[in-house]
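As a plain string of letters, each chain reads:
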Amino acid sequence: MRLLTFTTTTAADPRLGVETDGHVLDLTALADHARVRLPHDLLGLVQAGPAGLDAARRLLDGAYPAHAVHRTEDVRLSAPFRPGKIIGVGLNYVEHVEESSRSLDTDKELPPRPVLFSKPATAVTGPGAPILHNADLTTQLDWECELAVVIGRTAFRVSEEEAYDHIFGFSIVNDISARDQRRSGQWFFSKGQDSYAPFGPVVVTADAIPDPMDLDLSLRVNGVTKQKSNTRHMLFPIARLIADISSGVTLEPGDVIATGSPSGVGAGMVPPEFLAPGDTVEAAVELIGTLTNPVVDAR
Ligand code: MG
């Protein structure tokens, strides 16, 4: 299932929906029509576990009342939900480790364990929403297209073998970074500012992604391809990331892991390239979609 959060011209409050061929179905309207109890938002559905997903699936088998069906072009997508926490993984693609050591201040050696950081929930923004460019804070605003893992079941000290049982689904995070705001090696202010975590456009449930470790991912700026890789090139695969993080940090339903960026970031270009107001960034992951955001002047 391709789950999303949307508004329409007649419904300004965000609605829980599912994308089908050319249409968005309003799951809350379907549930009300069928007199079925269902969480009214995507985070609630994630937290409801397999029973919630089963209920949503059954609704799709029924008849659709007209008011629950929208054409894709008539809806506006929001971020799927506000995660409890977003854990980022730095330096998780070999060629990105190389370009970062050349252009930034990171090690040349491959990290022996995942390099973890966090982005606050306030950094999240939705498809089509602006990435804020504040020239008072940065002249080095950069992009990173990443596969996002949405946690569906609490994970504490889980093994790699158990890790996938804790995944709800997958999405895209563009890990926006102000390269000149790394402070004493700390990435929080560089990667944690408002709008620095575009998220979406949809969450695809895990059953619909046969192998998340074999997905093409790419990123374009103003239509020009900057990043192009495949998740099989991750240094630490998804199962290892979940096992490693959960060895000390509880992962909860609705948490998101941004699994790292391939090479092709702006800082690694010769000469370096960075985002400016007026740019459009498109981050794409196979089987999920394209997350498009404009960059706007936010001084
Ligand atoms: Mg990143």
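Cut-offs and rules
- Residues numbered from 1 in each chain as written.
- Predicted model: local features only at pLDDT ≥ 70, side-chain atom pairs only at ≥ 80, totals over all residues.
- Heavy atoms only, no water.
- Helix = DSSP H or I, 4+ residues; strand = E, 2+ residues; numbered from the N terminus.
- Rg over C-alpha atoms; globule rule 2.2 N^0.38 Å.
- Buried < 20%, exposed > 50% of the residue type's maximum accessible area, 1.4 Å probe, protein only.
- Donors = N, O, S within 2.8 Å, 3.2 Å for Na, K, Ca; no water.
- Axes fitted to C-alpha atoms, helices over the stretch in contact; angles between N-to-C directions.
- Parallel < 35°, antiparallel > 145°, perpendicular 65-115°, else oblique.
- Contact = heavy atoms within 4.5 Å.
- Phe/Tyr/Trp six-rings, centres within 6.5 Å; stacked < 30°, edge-to-face > 60°.
- Lys NZ or Arg CZ within 6 Å of the ring centre and 35° of its normal.
- Salt bridge = Lys/Arg side-chain N within 4 Å of Asp/Glu carboxyl O.
- Patch = residues over 30% accessible without salt bridge, like charges linked within 9 Å, V, L, I, M, F, W, Y side chains within 5 Å.
- Areas by Shrake-Rupley, 256 points an atom, 1.4 Å probe, with all protein chains shown as cover.
- Lys, Arg positive; Asp, Glu negative; His and termini not counted.
- Charge placed at Lys NZ, Arg CZ, Asp CG, Glu CD.
- Arc of directions from axis to C-beta.
- Domains from an automatic or database assignment.
- Buried area = accessible area lost by both parts, 1.4 Å probe.
- Polar contact = N/O pair within 3.5 Å; in protein donor to acceptor, adjacent residues only side chain to side chain.

Caption draft 1: Representation of the overall build of the chain within the structure. Scanning the chain from terminus to terminus reveals 7 helices and 19 strands. The C-alpha atoms of the chain give a radius of gyration of 19 Å, which matches the 19 Å a tight globule of 299 residues would have. The dimensions of the chain, computed from C-alpha atoms along their principal axes, are 60 × 45 × 25 Å. Considering the chain as a whole, with its 299 residues, one finds that 55% of them fall into the buried category.

Caption draft 2: Focus on the coordination of the magnesium ion. For the magnesium ion, the protein coordination sphere consists of E144 (OE), E146 (OE) and D175 (OD), at 1.9 to 2.1 Å. Mapped onto the sequence, the residues coordinating the magnesium ion show the spacing E-x1-E-x28-D. You can see E146 sitting in strand β11 (residues 145-151) and its partner D175 sitting in the loop between β12 (167-174) and β13 (177-178), a full 29 residues away along the chain. Judged by its relative accessible area of 0%, E146 is buried.

Caption draft 3: Highlighting the packing of helix α1 (residues 27-34) against helix α3 (residues 49-61). For the pair α1 and α3, the least separation of the axes is 10 Å and the interaxial angle reads 80°. Considering their axes alone, α1 and α3 lie roughly perpendicular with respect to each other. For the pair formed by α1 and α3, the contact residues are L27, L30, A31 and A34 on the first element and A56, L59 and L60 on the second.

Caption draft 4: Local environment of the packing of aromatic side chains. Applying the stated criterion across every chain yields a total of 2 aromatic pairs. Geometrically, the ring pair formed by F81 and F199 is edge-to-face, given 5.3 Å between the ring centres and 90° between the ring planes. Of this pair, F81 sits in the loop between β5 (76-78) and β6 (86-90) while F199 sits in strand β14 (residues 197-205); the two residues are 118 residues apart in sequence, bridging distant segments of the chain. Considering the side-chain rings of F117 and W187, the 5.3 Å spacing of their centres and the 75° angle between planes classify their relative orientation as edge-to-face. Taken as a pair, F117 in strand β7 (residues 115-119) and W187 in the loop between β13 and α6 (188-191) lie far apart in primary sequence, 70 residues in all. Classification of F117 as buried rests on a relative accessible area of 11%. Residue W187 is classed as buried on the basis of its relative accessible area of 16%. One cation-aromatic arrangement involves K191 over W187; the distance from NZ or CZ to the ring centre is 5.7 Å.

Caption draft 5: Inspection of the pattern of salt bridges at higher detail. This structure, assessed with the given rule, holds 18 salt bridges. Put simply, E144 and R179 hold a salt bridge, and the shortest N to O gap is 2.9 Å. Of this pair, E144 sits in the loop between β10 (141-142) and β11 while R179 is found in the loop between β13 and α6, placing the two residues 35 residues apart along the sequence. We classify R179 as buried; its relative accessible area is 5%. Residues participating in the shared-partner salt-bridge network are K119, D142, E144, D175, R179 and K191.

Caption draft 6: View of a negative patch on the surface. Among the surface-exposed residues, E160, E161, E162 and D165 lie close enough to one another that they form a single negatively charged patch. The topology assignment puts E161 in helix α5 (residues 160-163).

Caption draft 7: Seen up close, α3. Along α3, the residues classified as buried are G49, G52, L53, A55, A56, L59 and L60. One side of α3 holds all its buried residues, which, seen down the axis, span an arc of 160°. Pointing more than 90 degrees away from the buried face of α3 are the exposed residues P50, A51, R58 and D61.

Caption draft 8: Expanded view of the domain arrangement of the chain. Splitting the chain by domain gives domain 1 (2-77) and domain 2 (86-297). Domain 1 and domain 2 are separated by 27 Å when their C-alpha centres are compared. Each partner contributes to the interface: domain 1 provides 12 residues, whereas domain 2 provides 15 residues. Together domain 1 and domain 2 conceal approximately 1,100 Å² of surface at their shared face, both sides included; 62% is due to carbon and sulfur atoms. For the domain 1 face of the interface with domain 2, the top three residues by lost area are R2, V46 and L77, together amounting to 50%. At the junction of domain 1 with domain 2, the criterion picks out 1 salt bridge. Between R57 and D207 there is a salt bridge, with the nearest N and O atoms lying 2.9 Å from each other. The tally of links between domain 1 and domain 2 comes to 4 residue pairs in polar contact (both at pLDDT 80 or more). Among the secondary structure elements, those contributing two or more residues to the side of domain 1 that touches domain 2 are β1 (2-7), α2 (42-47) and α3. Among the elements that make up the side of domain 1 that touches domain 2, the one with the highest residue count is α2 (5 residues).

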